[in-house]
Amino acid sequence: MADHYQNNIYNQGDYPLQEDDAASDVTEGHDEEDQMYEGEYQGIPHPDDTKAAQRAACSAASDLEELSEQYEYIMEECGHGKFQWMLFIVLGLALMADGVECFVVAFVLPSAEKDLCLSNAEKGMLGLIVFLSMMVGAFLWGGLADKVGRRQCLILALSINCIFAFMSSLAQGYSFFLFFRLLSGIGIGGTAPIVYSYFSEFLQMNKRGEHLSWLCMFWMIGGIYASFTAWGIIPRYGWGFSMGTEFQFHAWRVFVLVAALPAIASLVGLTFMPESPRFLLENGKHDDAWMILKQVHDTNWRAKGQPEKVFTVVHIKTPKTTEDGFFEVQSATRTPVQRWAVRSLTLCKLVCRNTDWTSHVFYSFYGLSVWFPDMIKHLQHEEYVSKVQVMSSTHKRNMIFDFPLENQIHEEVEYIRDKFINIEMKSVKFKDSLFEDCHFENIRSSETVFENCTIHSTVFYNTDLWEAKFIDCKMENTTFEHNKHGCHLDTAKENDVLIYLVSFLGSLAVLPGNIISALYMEKIGRVKIIGGSMLISAGCTFFLFLSFSQSAIIALQCLFCGVSAAAWNGIEVVTVELYPASKRATASGVLNALCKLAAVLGSSIFASCVGITKAIPILLSFTALVCGGLVALNLPDTQQKILQ
């Protein structure tokens, strides 16, 4: 290929194609311009228009194929070096920000639910909004990147993410926090589709699979970064300040700001990076593309100690910007919105037909990613409940309780003239008990209830024991004075290091899968990497039937994440190689949107099974992975395919 283009690409020009069936403008007997085509009013394309559009489409396809081969040769001449590694770091930080976004809400929820007074439904909506917003962002920014440009759209997406992440850290109410996280997610949702398309267009064919796989590793680094920073910041309750009772800025809000740092760093780096030259060529900007390719060439060869090496390309084939004939022939009979809708729907169908099996990986990955920590929490809760202390049928008179009460059940106990002062009650249940002439002062409680109790002549002063915590109780001459209002952060409860440790280990376990896929993507091939990894992951899920302890679940989580990461990387590589430059980011955006939808379904279904059955999550994951793996083995091999 190199010898062919060395003799051709430097001085050739664009010459108009000759039409075999060209007709004279003037014919005998009638004037074509005065003739009315009877199907015009029915919106039916004229046969001559259809033929012309088909010829234009064939011409454009030929131009694109020639450009693809020429562009591959130019990238070989530019070499792989300093420029690609700089872009690798900048885009890697953007992908790292995407990984961080998936963990932010999960880490801050235990603290935010107290700070923002969240109900279970509101907590569920916050967890759901992460993937829904990223789904919208992937679809939106992927399509825009093919129209506006990879670099410009990535800058806009990251800017939106940074701005609204900052705003969410200041939000004092649930509604504003939810709204800002929604917009932040829409911004960051565009990073993955754009990053892979952007980077692939600076890589030559024999480097593409390996280096795109190395780029995937930054998502893992994002998970590790989020786990470490959350572990180091959120438990430090003192890391914050308040301005009266209206504005609170606790440690979890500091973490939200720190979590945005990778996006900010990538945003700064992108200001020094150029647009994709392949995108510019697709849009007829020959001179701009040539200047960028020369910059890539000169940067790489100067870094290699050969500054005298000259960029010999003087002309690059510029394709005609012609859309598919089916769409173009209807330009006179459809509105721009209708044509956009038809194009988008057609592309979505194409992407779904080619890559709908990929959602099986993400369905299982995200579903089990939610199920693993929830199952660990469930086992912790069962162990906690098994150690409950039960006190029944006793009498407590004139006692002072100035020590914490935790994980206890007080049943049919009589408290006469007792005092509960300056204590914390955690998971305490008073049932069928009597309180007479008692005094509760400065009480802080969590998961504490009074059920079917009789309370006489008792004072509750400066406590958070509200009406909802008294179930079917009878009260006489009982007063509540200076009750604590709002929600109060319980630092002893939610800052369980196991939450961060599980996420850290799960992210770190992805490293072997990343390394294997990077080293063997070009040797084994994309299809075998994807299919094999999915089938091995399916086998791993069956070991979950044997998991009866926290350590066993953590170990299986690490095994599953490590194996499935290789499939994930292969999917991203195949996606950018299957589609032409004019549709690459859009296709990647549709794929990522489908995967986020699968994540929503998987996490919702799997979370509902916690504490009920293990069989449903395991069998669903096994079935999805086996079906996806078998279908993936029939994919076209893109290993030696020139980027279209």
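Residues numbered from 1 in each chain as written. Predicted model: local features only at pLDDT ≥ 70, side-chain atom pairs only at ≥ 80, totals over all residues. Heavy atoms only, no water.

(A) Representation of helix H4 (residues 120-147) within the structure. Helix length check: H4, at 28 residues, gives a terminal C-alpha distance of 41 Å against a target of 40 Å (1.5 Å per residue), a fit within 8%. Of all the bends in H4, the greatest measures close to 30° and is centred on Ile129. Just downstream of H4, Gly149 is the residue with a positive phi angle, here 135°. (Helix = DSSP H or I, 4+ residues; strand = E, 2+ residues; numbered from the N terminus. Expected span 1.5 Å × (residues − 1). Bend = angle between axes of the 7 residues up to and from the residue.)

(B) Representation of the confidence of the model for the protein. For the protein, mean pLDDT is 78; residues scoring 70 or higher make up 78% of the total. Ranking the elements of the protein by mean pLDDT puts helix H13 (residues 325-328) last, at 41, and helix H10 (residues 261-270) first, at 95. Segment residues 1-46: pLDDT under 50, and 44 contacts once partners within four positions in sequence are set aside and those in other chains are kept. Note on residues 322-333: pLDDT is under 50 here. Beyond four places in sequence and across chains, it has 23 contacts. (pLDDT = per-residue confidence, 0-100. Contact = heavy atoms within 4.5 Å.)

(C) Quick look at the sheet that holds strand E4 (residues 395-397). Here five strands make up an open sheet; going across it, the order is E4-E7-E9-E12-E15 and the pairing parallel. At either end of the open sheet lies a strand with only one pairing partner, and these are E4 and strand E15 (474-476). Sheet twist, expressed as the average angle between the axes of neighbouring strands with direction ignored, equals 5°. Sheet topology note: the strand E12 (residues 454-456)/E15 ladder contains three bridges and is parallel. Residue pairing for E15: His456 is matched across the bridge by Glu476. (Pairing = 2+ DSSP bridges. Axes fitted to C-alpha atoms, helices over the stretch in contact; angles between N-to-C directions.)

(D) Quick peek at the pattern of salt bridges. Taken as a whole and assessed by the stated rule, the structure comprises eleven salt bridges. Close ionic contact of Asp146 with Arg150 constitutes a salt bridge, the shortest N to O distance being 2.7 Å. One exposure class covers both Asp146 and Arg150, and it is buried. We note a salt bridge from Glu522 to Arg526, for which the minimum N-O separation is 3.2 Å. Neither Glu522 nor Arg526 differs from the other in exposure class; each is buried. Shared partners join several salt bridges into a network, and the residues in it are Asp146, Arg150, Glu201 and Arg584. (Salt bridge = Lys/Arg side-chain N within 4 Å of Asp/Glu carboxyl O. Buried < 20%, exposed > 50% of the residue type's maximum accessible area, 1.4 Å probe, protein only.)

(E) Structural view of a nonpolar patch on the surface. A cluster of nonpolar side chains, Phe542, Phe543, Phe545, Leu546, Phe548 and Leu619, forms an exposed patch at the surface whose accessible area comes to about 630 Å². Tracing the backbone through its elements, the reader meets Phe545 in the loop between helix H19 (526-542) and helix H20 (550-578). The partly exposed category is assigned to Phe545, whose relative accessible area is 30%. (Patch = residues over 30% accessible without salt bridge, like charges linked within 9 Å, V, L, I, M, F, W, Y side chains within 5 Å. Areas by Shrake-Rupley, 256 points an atom, 1.4 Å probe, with all protein chains shown as cover.)

(F) Inspection of the packing of helix H3 (residues 82-115) against H4 at higher detail. In contact at an axis separation of 10 Å, H3 and H4 are set at 170° when each is read in the N-to-C sense. Put simply, H3 runs roughly antiparallel to H4. Each of Asp98, Glu101, Cys102, Val105, Leu109 and Glu113 in H3 lies in contact with H4, whose residues at this interface are Lys123, Leu126, Gly127, Val130, Phe131 and Met134. In terms of residue class, the contact of H3 with H4 is built from seven nonpolar, one polar and four charged. (Parallel < 35°, antiparallel > 145°, perpendicular 65-115°, else oblique. Nonpolar A, V, L, I, M, F, W, Y, C, P; charged D, E, K, R; others polar.)

(G) Expanded view of the nonpolar core. The biggest cluster of nonpolar side chains holds 122 residues, and the ones touching the most others in it are Leu91, Leu215 and Phe255. Considering each element in turn, this core owes the most residues, 18 residues, to H3. (Core = buried A, V, L, I, M, F, W, Y, C linked by side-chain atoms within 4.5 Å.)

(H) Up close: the packing of aromatic side chains. Taken as a whole and judged by the stated rule, the model has 33 aromatic pairs. Seen from their ring centres, Tyr415 and Phe430 are 6.1 Å apart, and the 80° between their planes marks the pair as edge-to-face. Here Phe430 lies in strand E8 (residues 419-431) and Tyr415 lies in strand E7 (residues 414-416), a separation of 15 residues in the sequence. Judged by relative accessible area, which is 0%, Tyr415 ranks as buried. Its relative accessible area of 0% is what places Phe430 among the buried residues. Aromatic side chains Phe430 and Phe435 sit 5.5 Å apart centroid to centroid with 75° between the ring planes, which places their arrangement in the edge-to-face category. (Phe/Tyr/Trp six-rings, centres within 6.5 Å; stacked < 30°, edge-to-face > 60°.)

(I) Here's a closer look at unusual backbone geometry. The backbone phi angle of Ser393 is positive, close to 50°, even though this residue is not glycine. You can see Ser393 is positioned in the loop between strand E3 (389-392) and E4. Positive phi is not limited to glycine here, since Glu412 has a value of about 55°. Counting through the fold element by element, Glu412 comes out in the loop between strand E6 (405-411) and E7. Judged by its relative accessible area of 43%, Glu412 falls in the partly exposed class.

(J) Fine view of the packing of helix H5 (residues 150-170) against helix H7 (residues 191-200). Here H5 crosses H7 at 150°, and the two axes come no closer than 10 Å. It follows that H5 is roughly antiparallel to H7 by the angle criterion. As for how H5 packs across H7, the hand of that crossing is left-handed. Packed against H5, whose contacting residues are Arg150, Arg151, Cys153, Leu154 and Leu158, the element H7 presents Thr191, Ile194, Val195 and Tyr198 at the interface. Looking at side-chain class alone, the contact of H5 with H7 contains six nonpolar, one polar and two charged residues. (Left-handed = near helix turned anticlockwise from the far one by under 90°.)

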